[in-house]
Amino acid sequence: MKKLLAAIMAVSIFAVLLCSCNGSPNGQESSELASSEAAYSEVETSSEASSEEEESSSEASSEQSSSEEETSSEESSSRIPVGRPGESSEEISSEQTSSRGQAVVLSVDPADALSIGVYHFSPSWARSMNEKATVENAVERYKEFEAVLAAGYFNTVIVPSTHINDDTFWDICEHYGISVWMSLYSFYNSEKTDIDSYMSKNVDPYMTALKADSKRWELFCGFHHEETIWRGQSNADYLEMTKALYQKYGKRNFTVFATGEFTGYEGNQLQIEMDAADMKKVNPAALKYTTDMAYDSYSVDVRTGASNGKKYQEWQNVSPNIVDGQSYYREHTKIMLEMLDHDVNVWFFPCSYTTSLWGGLNGLTRADEGYCLAHLNFFYQHLKEQKYQGGIFLYTYYQFREAEKGLRNHLVVEDWAGNQLVAVEETEKWRLYSNRLREITSEFKNTKANHATFK
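Rules of the game
- Residues numbered from 1 in each chain as written.
- Predicted model: local features only at pLDDT ≥ 70, side-chain atom pairs only at ≥ 80, totals over all residues.
- Heavy atoms only, no water.
- Phe/Tyr/Trp six-rings, centres within 6.5 Å; stacked < 30°, edge-to-face > 60°.
- Helix = DSSP H or I, 4+ residues; strand = E, 2+ residues; numbered from the N terminus.
- Buried < 20%, exposed > 50% of the residue type's maximum accessible area, 1.4 Å probe, protein only.
- Lys NZ or Arg CZ within 6 Å of the ring centre and 35° of its normal.
- Pairing = 2+ DSSP bridges.
- Axes fitted to C-alpha atoms, helices over the stretch in contact; angles between N-to-C directions.
- Polar contact = N/O pair within 3.5 Å; in protein donor to acceptor, adjacent residues only side chain to side chain.
- Contact = heavy atoms within 4.5 Å.
- Parallel < 35°, antiparallel > 145°, perpendicular 65-115°, else oblique.
- Left-handed = near helix turned anticlockwise from the far one by under 90°.
- Nonpolar A, V, L, I, M, F, W, Y, C, P; charged D, E, K, R; others polar.

Draft legend 1. Quick look at the packing of aromatic side chains. Under the counting rule described, the total for this entry stands at 39 aromatic pairs. Judged by centre distance (5.8 Å) and plane angle (25 degrees), the ring pair of Tyr-119 and Tyr-395 falls under stacked. Taken as a pair, Tyr-119 in the loop between strand 3 (115-118) and helix 2 (138-150) and Tyr-395 in the loop between strand 10 (389-394) and helix 12 (407-410) lie far apart in primary sequence, 276 residues in all. Overall, the relative accessible area of 14% leaves Tyr-395 in the buried class. Taking 6.3 Å as the distance between ring centres and 45 degrees as the angle between the ring planes, the aromatic pair formed by Tyr-246 and Tyr-289 counts as tilted. On the criterion of sequence distance, the pair formed by Tyr-246 in helix 7 (residues 235-249) and Tyr-289 in the loop between helix 8 (269-272) and strand 8 (292-296) is long-range, its members being 43 residues apart. Neither residue differs from the other here; Tyr-246 and Tyr-289 are each classed as buried. The ring centre of Trp-217 lies 4.7 Å from the NZ or CZ of Lys-251, which sits over that ring. Looking at Arg-436, its charged tip hangs above the ring of Tyr-380, at a distance of 4.7 Å from the centre.

Shown next as structure tokens:
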């Protein structure tokens, strides 16, 4: 039976998918932005420094069968079939399943849907934290990457440029209807280069190749920027970079900020040991071409009765309305959006790894399944409250430290016989969390997000 199940392939037809922004964001570009840089504190951090986010591993590409020729057909239905080319859904009986996983049939274009993903989830981050990414194990890494998607988790991913034109990566994303962001972790620094040189080295070659494939270009949402201001980028450089990206390619700029970049308090002190006073601040004028926006803070318990280290009085320096874990996050969302003079798509970053806490419910000191499930459910609801919605990115998939286990360790990913496929050495799987995550992913895949329109 296993051989029979593993031998049958599931398929559907490629369809035209949408992902683009129109025009440019509202707001006036500050002519005094560069001169006002001195008003913001600086932190010495090189944009060229190696980091956990920078992925430079070489990945093997699997070759597609020459028999898989693309077909075209008129779709009268509003349903959007996504899958391998050359095969139609009519060719597969209802009894058939696939070891690869069924291609999804969507009612919403992936780039237009509410999105849910997990940070540090790409072929390079698959497999053990002690295993180097090499050509020899690249096939196994792709197996894990696909197994997670086939299990019904996530409909968007952030990847580095090393994957943005990889055929194997795109074959998987197209099969499961996954939208894609490219990480620009190495930000533009005008002290080292000019914007044209930065674009020609870090962006243009990848975009030229990507635009040559219309299906991939439609699944491509834009560029992701990770806490660039506190990592050392000037506000003027951030503005110039996001402007160049938006005006040249018409795709979105999705930036996540540390809370210390726009408030007087840094919520991730337990993780980065840096106070907001030492962080450079975001100048609102620099955000003109920011289309999607988020902040991250992982150690605050949103459950009723959590003490959170009795830090509410301290957090009231950020907002007097912070009286519990949920109001902590709601107030930060409000403060973040108040910086803007144009609409943005809002994203949230729930905790999904076993990080340390200020003081969780019942004295909890490290995040567990219940804590992370409460985060997931709260931010799911908080996202629905936003006028313009991007989605959710859980943090984080990979395990970087022994004590801080990533979602990879706990996610339930099983084959048809119920055998665990990912992190098999981990005995504590989060079944309640995994079930809820599947439910949200299924809902989001067929829910059109209310995206902001940029003029």
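Draft legend 2. Structural view of the sheet that holds strand 4 (residues 156-159). Spatially, 3-10-9-8-7-6-5-4 is the arrangement adopted by the eight strands of the open sheet, whose pairing is parallel. Either end of the sheet is taken by a strand with one partner, and the two such strands are strand 3 and strand 4. Across the sheet, the axes of successive neighbouring strands diverge by a mean angle of 25 degrees, strand direction being ignored. Summarising the sheet, strand 8 and strand 9 (residues 345-348) pair through two bridges and their orientation is parallel. In the strand pairing of strand 9, Met-293 is matched with Val-346.

Draft legend 3. Summary view of the side chain of Thr-242. Of note, Thr-242 is situated in helix 7. The exposure class of Thr-242 is buried, given its relative accessible area of 0%. Within polar-contact distance, the side chain of Thr-242 engages the backbone oxygen of Tyr-238 at 2.8 Å. Setting aside chain neighbours within four positions, we find Thr-242 in contact with His-225, Asn-253, Ala-286 and Tyr-289.

Draft legend 4. Up close: unusual backbone geometry. A cis geometry characterises the amide bond from Tyr-395 onward to Thr-396, with omega recorded as 10 degrees. Residue placement: Thr-396 occurs in the loop between strand 10 and helix 12. At Lys-310, a residue that is not glycine, the phi angle is positive and equals roughly 55 degrees. Structurally, the position occupied by Lys-310 is in the loop between strand 8 and helix 9 (312-315). A positive phi angle is found at Asn-362, which is not glycine, with a value near 60 degrees.

Draft legend 5. Just the packing of helix 10 (residues 325-338) against helix 11 (residues 369-384), in detail. Across the interface, helix 10 lies against helix 11 with an axial gap of 12 Å and an inter-helix angle of 40 degrees. By the angle between their axes, helix 10 is oblique relative to helix 11. As for the relative orientation of helix 10 and helix 11, their crossing is right-handed in sense. Between helix 10 and helix 11, the residues in contact are Gln-326, Tyr-329, Arg-330 and Thr-333 and His-375, Phe-378, Phe-379 and His-382, respectively. Grouping the amino acids of the contact of helix 10 with helix 11 by side-chain chemistry returns three nonpolar, four polar and one charged.

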